[in-house]
Amino acid sequence: GHEALHDLDAGSGDGNVAIGHQASKALTVANPRNVAIGYQAGTAAVTPNQCVYLGYSAVGSGAATGDGTVAIGYRAGNALTSGIGNVFIGEDAAYTATTGDYNVCIGFHAGDSLVGDSHYNIAMGKDALGTEASGAGSCIAIGYEALKTQNQNVINTAIGFQAGTSISTGNRNTLLGSTAGSALADDSDNTFIGYQSGNTTLGQKNTGVGSYAMGGSDCSGESNVAVGYNALGSATASESDNIAIGD
């Protein structure tokens, strides 16, 4: 394509493939084995190694210098300047990520607001970890809109459809199941495992295991333990320090 590998010095940078208008245009010195396919794919990347950029403007505006990054999709990893071992797949996946290492963002707009030194995050699913712009690391968001609104330097794990979707500043929450902990916002140290477990619960240090465990309740208390189908499902207000085991 026009201006593909435009700046590559003769005799350096062996084994590169660039297909498309201005693909890998800025690649300069001996940086081997990169693949850039698409309009302006990797166009500003100066010194990447063993990277794959596939799609319109994939890593298109960032002067990427890291090794081993894979960006596939429209504007995936568009702003990356330096970062090692990242995987960005999907439209606008990790669109604003700049200097992060070892992040995995797969899905439409997954992790699309990541900035700065965001490392070791996993975001899979539409809008998973989609608002995070604080530099948080080591978060896991797997599922449609999992941890969608988190925007604080915290560490949360949410797996399931809209699991932890309303968490903004809450920390150290572990959520597994469809809509598990979906009402949590600034609440921390909760564990909800099961379909709709804790899906309307607020508060701190609560544990719910089982379908609907502490689900459908208006509980905003602390240190409750609910194990079993619909355990503590009717808890209200600020009830705390309860243990419920069984259906």
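See the structure shown above.
Keep in mind it's a predicted model, so treat the numbers as computed, not measured.

The subject of this paragraph is the overall build of the protein. Along the backbone of the protein there are 0 helices and 14 strands. Each helix and strand of the protein, placed in order from N terminus to C terminus, yields the pattern β-β-β-β-β-β-β-β-β-β-β-β-β-β. Considering only C-alpha atoms, the protein reaches an extent of 70 × 20 × 20 Å along its principal axes. Put simply, the protein shows about 9600 Å² of open surface, and 56% of that area lies on carbon and sulfur atoms.

Take unusual backbone geometry next. The phi angle at S24 is positive, at roughly 50°, despite the residue not being glycine. Tracing the backbone shows S24 in the loop between β1 (17-19) and β2 (35-37). A positive phi angle is found at D189, which is not glycine, with a value near 65°. In this fold, D189 is placed in the loop between β10 (174-176) and β11 (191-193).

What follows covers the packing of aromatic side chains. Following the criterion strictly, the structure yields 6 aromatic pairs and no others. Measuring from ring centre to ring centre gives 5.3 Å for Y56 and Y74, while their planes differ by 25°; the resulting arrangement is stacked. One end of the pair, Y56, is in the loop between β3 (52-54) and β4 (70-72); the other, Y74, is in the loop between β4 and β5 (87-89), and 18 residues separate them in sequence. Relative accessible area serves as the criterion here: at 42%, Y56 is assigned to the partly exposed category. The structure contains a cluster of three or more aromatic residues connected by ring pairs, namely Y39, Y56 and Y74.

The next subject is the environment of I19. Looking at the secondary structure, you find I19 in strand β1. As for I19 and Y39, which are separated by 20 residues in sequence, their C-alpha atoms are 8.1 Å apart. In this structure I19 touches A36, I37 and G38, once residues within four positions along its chain are discounted.

In this section: the pattern of salt bridges. Under the definition given, this model contains 4 salt bridges. A salt bridge links R75 to D92; the nearest nitrogen and oxygen atoms lie 2.9 Å apart. Here the residue R75 occupies a position in the loop between β4 and β5, and D92 occupies one in the loop between β5 and β6 (104-106), the gap between them amounting to 17 residues. Judged by relative accessible area, R75 falls into the partly exposed class, the value being 24%. Residue D127 pairs with K126 through a salt bridge whose shortest N-O separation is 2.6 Å. Judged by relative accessible area, D127 falls into the buried class, the value being 13%.

By size, the foremost hydrophobic cluster in this structure holds 43 residues, and its most contacted members are Y53, A71, F88, C105, L129 and L175. Among residues more than four places away in sequence, those in contact with A71 are V52, Y53, L54, A58, V59, A76 and F88.

What counts and how
Residues numbered from 1 in each chain as written. Predicted model: local features only at pLDDT ≥ 70, side-chain atom pairs only at ≥ 80, totals over all residues. Heavy atoms only, no water. Helix = DSSP H or I, 4+ residues; strand = E, 2+ residues; numbered from the N terminus. Areas by Shrake-Rupley, 256 points an atom, 1.4 Å probe, with all protein chains shown as cover. Phe/Tyr/Trp six-rings, centres within 6.5 Å; stacked < 30°, edge-to-face > 60°. Buried < 20%, exposed > 50% of the residue type's maximum accessible area, 1.4 Å probe, protein only. Contact = heavy atoms within 4.5 Å. Salt bridge = Lys/Arg side-chain N within 4 Å of Asp/Glu carboxyl O. Core = buried A, V, L, I, M, F, W, Y, C linked by side-chain atoms within 4.5 Å.

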